[in-house]
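Structure assessment
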Amino acid sequence: MASGSLVLAQLESEAIEIIRHTSATVKKPVMLYSIGKDSSVLLHLAMKAFYPAPIPFPLLHIDTTWKFREMITFRDQISKQYGVELFVHTNKDGVAANITPFNTGISEYTRVMKTVALRQALDLYGFDGALGGSRRDEERSRAKERVFSVRGVGHSWNPRMQRPELWRSYNSLLATGESLRIFPLSDWVEADIWQYIYQENIPVNPLYFAKVRPVVKRGEQLIMIDDDRYPLNPGEQPQQIEVRFRTLGCYPLTAATQSSAKTLPEIVDEVLNVKLSERATRLIDGANEDSMEKKKIEGYF
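Here's what I pulled together on the structure shown here. (Residues numbered from 1 in each chain as written. Predicted model: local features only at pLDDT ≥ 70, side-chain atom pairs only at ≥ 80, totals over all residues. Heavy atoms only, no water.)

**Overview of the nonpolar core**
- Ranked by internal contacts, the top residues of the largest apolar core, which has 71 residues, are Ile19, Val41, Leu45, Trp188 and Trp194.
- Looking at this core element by element, the count peaks at 7 residues for helix α2 (residues 37-50).
- Of the domains in this structure, domain 1 (6-189 + 290-298) and domain 2 (197-283) are the two that each give at least three residues to this core.
- Sequence-distant contacts of Trp188, that is, excluding residues within four places in its chain, are made with Leu11, Glu12, Ala15, Val41, Leu45, Arg135, Asp137, Ile193 and Tyr196.
- Counting residues in each nonpolar core, the second largest holds 13 residues, with Val30, Ala121, Phe127 and Phe301 among its members. (Core = buried A, V, L, I, M, F, W, Y, C linked by side-chain atoms within 4.5 Å. Buried < 20%, exposed > 50% of the residue type's maximum accessible area, 1.4 Å probe, protein only. Helix = DSSP H or I, 4+ residues; strand = E, 2+ residues; numbered from the N terminus. Domains from an automatic or database assignment. Contact = heavy atoms within 4.5 Å.)

Encoded structure:
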């Protein structure tokens, strides 16, 4: 346990250094807030980095209009509790065109309501550096990222054109039209996140805790019916099953897992013993047209 605490202390120190370096060297940074566990840890670290002063940059949430209702409630509670400036952006053109997870396909929905929306928001407010809670262990293309990841004109990403980061040396200089994505949690894994949440008593969304919820089975995935927009099959009725979520996103594209973990210690124990990646419950991370790498090249986080 002592060695685990030491690892968390080292990870915390590294992340705080990255956050402070961003604030000191990036002209107009913003912190992306997805309302998930990693965002909760990142926000907590930012509070620590500048305490007792306020966080010197705002938060940005990309709202697709399809997030779990408990996510939006939690987002508003946390922004008020922490006293942070929060920007919320939705791609209004996508809404007007009725782009949904059902009528355009997952790939096009993600492109319009997430990737394009993020690019819109960064350009609208003039942010040239975006801090985010992505971790290298989440997915293969995430592992190709540097801590300070350069984006070209139009927020495009070329994994072959990234700067070396020898001896934790970070280069935040930008040419005209370039921007940065910054990942302070790059060296963390899912178990680190949950152990740190437990250690620091960080508030996280109730969806992470097991509860009996209405779900339908789609293939091997359990999808929670969060509102009446989800199209049920003829004669289909949601089942009441005790589930929790390992990752959060748009509810039609985020599967639950059966679990009885209702406390942080139980979640930590469950995560330490699970072998399947948390991203396995994200329907947007397919191996072909919906691949994470393709989305990132187009400007996704």
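**Some remarks on the pairing of strand β2 (residues 59-62)**
- Alternating residues of β2 divide into Leu59 and His61 and Leu60 and Ile62, and every residue in both groups is buried.
- Judged from the 2 bridges that link them, strand β1 (residues 29-32) and β2 form a sheet pairing that is parallel. Its bridge partner being in β2, Met31 is matched across the sheet by Leu59.
- Crossover handedness for the path β1 to α2 to β2: right-handed.
- Crossover β2 to strand β3 (residues 86-89) through helix α3 (residues 69-82) is right-handed. (Pairing = 2+ DSSP bridges. Right-handed = clockwise from strand over helix to strand, strands pointing away.)

**Observations concerning the packing of α2 against helix α6 (residues 190-200)**
- For the pair α2 and α6, the least separation of the axes is 10 Å and the interaxial angle reads 55°. With respect to each other, α2 and α6 are oriented oblique. Relative to α6, the crossing made by α2 is left-handed. Side by side, α2 and α6 meet where Lys37, Asp38, Val41, His44, Leu45 and Lys48 of the first sit next to Glu190, Ile193, Trp194, Tyr196, Ile197 and Glu200 of the second.
- In terms of residue class, the contact of α2 with α6 is made up of 6 nonpolar, 1 polar and 5 charged. (Axes fitted to C-alpha atoms, helices over the stretch in contact; angles between N-to-C directions. Parallel < 35°, antiparallel > 145°, perpendicular 65-115°, else oblique. Left-handed = near helix turned anticlockwise from the far one by under 90°. Nonpolar A, V, L, I, M, F, W, Y, C, P; charged D, E, K, R; others polar.)

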